[in-house]
Amino acid sequence: MSLALYGHPFSSYTQKVLIALYETDTPFDFHCLEPDQTENMAEWLRRWPLQRFPLLVDDGRTVVESSIIIEHLQLAHPGPVRLLPEDPAAALDVRFMDRFFDYHVMDAMQVAVDAALNRAPVSKDRGLEIAAEKLERAYGWLEGALAGRTWAAGEDFTMADCAAAPSLFYADWTHPIPETCPTLRAYRARLLARPSMVRCVDGGRPFRHYFPLGAPDRD
Ligand SMILES: N[C@@H](CCC(=O)N[C@@H](CS)C(=O)NCC(=O)O)C(=O)O
C-alpha cells in the first residue's frame, strides 16, 4: 500500500483528513503544499487543476474532496477503527453531520477569511458580520443537536468529528462560540483534547501567522 497526502498543516480540510488517518493509524507520506515545495505543488496541480487540497494518491489513483477521501480510506483500507458505521441509517446520520460542519461552519467561517484576503466582493468588516450571523445560527442549532452526545453523531468518534474539529477550531477564532452554548463549547474542548487533533493543532502552529483575521493567543 502506498498512500500520499498532499495538503498543508494549517489547512482545515487537510486536518480533517489527517485526523482520519491518525485515528485509523493508517501509514502515509505527507507532501506539504508550501509554495517553495515546487515538486509537491507541481504534482498537486497536475493531478487536480481545480487547485483545492487535500488530495490523496492511493497507488497512483487520485482521490479528492475530504469526505470522499475518508470514505475511500474506509472502503479501500478498512481497519479495526471505523469512521463510518456499518449500519446504513447510522452512516447517513454521520454524513449529514459531516455536511453540516462543512457547509454551515467551515463555509460560514470562510466568508470572513475570504473577505480579509480580498477574495470576496465585501469588506473585511462586512465579511466578519456575515460570518458572525451564519455562525450564530449554526452554533444555536448545534447546541440542541449535540445535547446528550459525546461526539457529533453519538457515542462513537466518526467522520463527522473529523470535520467538526478543524471547523469549530477556526470558527471559534472567527466568531467565538458564546457562553450561551455550553454544550458546543464543551464539545469543541473535547475535540481539541483528542490526540489526533492535538497532532494537527501542533502541526499547524508554526503557520498561525497565515490566519488573515489574526490568530488569538490561545488553543
Ligand atoms: N470541499 C473541499 C474543500 C477543500 C478546500 O477548500 N481546501 C482549501 C484549503 S483548506 C483550499 O484548497 N484552498 C485553496 C484555495 O482556496 O486557493 C474538500 O472537502 O476537500
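Everything discussed here concerns the structure shown above.
The shown structure was predicted, so the numbers you read here are calculated from the model rather than taken from an experiment.

> Could you give an account of helix H2 (residues 38–47), naming the residues involved and the relevant values?
Owing to its 3.6 residues per turn, the α-helix aligns residues three or four sequence positions apart on the same side. Every buried residue of H2 is listed here: Asn 40, Met 41, Trp 44 and Arg 47. Angularly, the buried residues of H2 cover 140 degrees about the axis, an arc narrow enough to put them on a single face. Opposite the buried face of H2, by more than 90 degrees, sit the exposed residues Thr 38, Glu 39 and Arg 46. Close packing links the buried residues of H2 with strand S1 (3–7), strand S2 (29–32), strand S3 (55–58) and strand S4 (61–64).

> Explain the site of the ligand to me, and be specific about the residues and the numbers.
As a matter of local geometry, the ligand sits amid Ser 11, Ser 12, Tyr 13, Gln 51, Arg 52, Phe 53, Pro 54, Glu 65, Ser 66 and Arg 119. Side-chain polar atom of Arg 52 to an oxygen atom of the ligand: 2.9 Å apart, as the coordinates give it. A distance of 2.7 Å separates a nitrogen atom of the ligand from a polar side-chain atom of Glu 65. Relative to its unbound accessible area of 510 Å², the ligand is 77% covered by the protein chains. Classifying every residue of the shell around the ligand by side-chain character gives 3 nonpolar, 4 polar and 3 charged.

> Give a detailed account of the pairing of S3, specifying residues and quantitative values.
Covered by surrounding structure in S3 are Leu 55 and Val 57 together with Leu 56 and Asp 58, the residues of both alternating faces. Note: S1 against S3, 4 bridges, orientation antiparallel. Looking across to S3, one finds that Tyr 6 is bridged to Leu 55. With 4 bridges connecting them, S3 and S4 associate as antiparallel partners. Bridging across to S4, Leu 56 finds its partner in Val 63. Where S3 folds back on S4, the antiparallel hairpin that results is connected by 2 residues, among which Asp 59 adopts a positive phi of roughly 50 degrees.

> So, the packing of aromatic side chains: which residues are in play, and what are the values?
In the structure shown here, the tally under the stated rule is 16 aromatic pairs. Taking 4.9 Å as the distance between ring centres and 75 degrees as the angle between the ring planes, the aromatic pair formed by Phe 169 and Tyr 170 counts as edge-to-face. Here Phe 169 and Tyr 170 have matching classes, each one buried. Lying across the ring of Phe 157, Arg 194 places its NZ or CZ 4.0 Å from the centre. The cationic tip of Arg 199 hangs over the ring face of Tyr 22; the distance from NZ or CZ to the ring centre is 3.7 Å.

> Help me get a handle on the nonpolar core, residues and values and all.
Counting residues in each nonpolar core, the largest one holds 57 residues, and the members touching the most others are Phe 101, Val 105, Leu 142, Leu 168, Leu 184 and Tyr 187. The set of elements that each furnish at least two residues to this core consists of S1, helix H1 (12–23), helix H3 (66–76), helix H4 (88–116), helix H5 (124–145), helix H6 (159–174), helix H7 (182–193) and helix H8 (195–204). Considering every element that reaches this core, the biggest residue donor is H6, with 11 residues. Both domains that meet at this core, namely domain 1 (3–76) and domain 2 (88–194), each give it at least three residues.

> Describe H8, and please don't skip the residues or the numbers.
Of all the positions in H8, only Ser 196, Met 197, Cys 200, Val 201 and Gly 204 are classed as buried. Seen along its axis, H8 keeps its buried residues to an arc of 130 degrees; they face one direction. Exposed residues lying more than 90 degrees from the buried face of H8 are Pro 195 and Arg 199. Looking at the buried side of H8, the elements it contacts are H1, H6 and H7.

Reading the values: the criteria
- Residues numbered from 1 in each chain as written.
- Predicted model: local features only at pLDDT ≥ 70, side-chain atom pairs only at ≥ 80, totals over all residues.
- Heavy atoms only, no water.
- Buried < 20%, exposed > 50% of the residue type's maximum accessible area, 1.4 Å probe, protein only.
- Helix = DSSP H or I, 4+ residues; strand = E, 2+ residues; numbered from the N terminus.
- Arc of directions from axis to C-beta.
- Contact = heavy atoms within 4.5 Å.
- Near = heavy atom within 4 Å.
- Polar contact = N/O pair within 3.5 Å; in protein donor to acceptor, adjacent residues only side chain to side chain.
- Areas by Shrake-Rupley, 256 points an atom, 1.4 Å probe, with all protein chains shown as cover.
- Nonpolar A, V, L, I, M, F, W, Y, C, P; charged D, E, K, R; others polar.
- Pairing = 2+ DSSP bridges.
- Phe/Tyr/Trp six-rings, centres within 6.5 Å; stacked < 30°, edge-to-face > 60°.
- Lys NZ or Arg CZ within 6 Å of the ring centre and 35° of its normal.
- Core = buried A, V, L, I, M, F, W, Y, C linked by side-chain atoms within 4.5 Å.
- Domains from an automatic or database assignment.

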